[in-house]
Amino acid sequence: MASRRPPARPVRVDDPAGNAAYWTRITQIVDQAPPLEDWQRARIRAAFHQPKEAAA
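This report concerns the structure included in the present document. (Residues numbered from 1 in each chain as written. Predicted model: local features only at pLDDT ≥ 70, side-chain atom pairs only at ≥ 80, totals over all residues. Heavy atoms only, no water.)

Okay, the overall build of the chain next. Each helix and strand in the chain was counted, giving 2 helices and 0 strands. Put simply, the chain has 56 residues, and 4% of those count as buried. Put simply, the chain shows about 5,800 Å² of open surface, and 58% of that area lies on carbon and sulfur atoms. (Helix = DSSP H or I, 4+ residues; strand = E, 2+ residues; numbered from the N terminus. Buried < 20%, exposed > 50% of the residue type's maximum accessible area, 1.4 Å probe, protein only. Areas by Shrake-Rupley, 256 points an atom, 1.4 Å probe, with all protein chains shown as cover.)

See the structure below:
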């Protein structure tokens, strides 16, 4: 089984310590959220699998 490591995170703050603090806070918020229900996962999945709109 492949090891699960978190995906690379974009830099949100130029200061490395500030960036680490930002992502620590985001992780804490996500960890406190209740788990998604199946219908919520399906709706999110559908939103990301919509065909891209043609450029105008």
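Right, let's get into the pattern of salt bridges. Applying the stated rule across the entire model yields 1 salt bridge. Where Arg 41 meets Asp 38, a salt bridge forms, and the shortest distance between an N and an O atom there is 2.6 Å. Within this pair, Arg 41 and its partner Asp 38 are both found in helix H2 (residues 38-48), separated by 3 residues, close to a single helical turn. The exposure class assigned to Arg 41 is partly exposed, which follows from its relative accessible area of 35%. (Salt bridge = Lys/Arg side-chain N within 4 Å of Asp/Glu carboxyl O.)

A complete count under the given rule lists 1 aromatic pair for this structure. Summarising the aromatic geometry, the rings of Tyr 22 and Trp 23 are spaced 5.0 Å apart at their centres and angled 90° between planes, so their arrangement reads as edge-to-face. (Phe/Tyr/Trp six-rings, centres within 6.5 Å; stacked < 30°, edge-to-face > 60°.)

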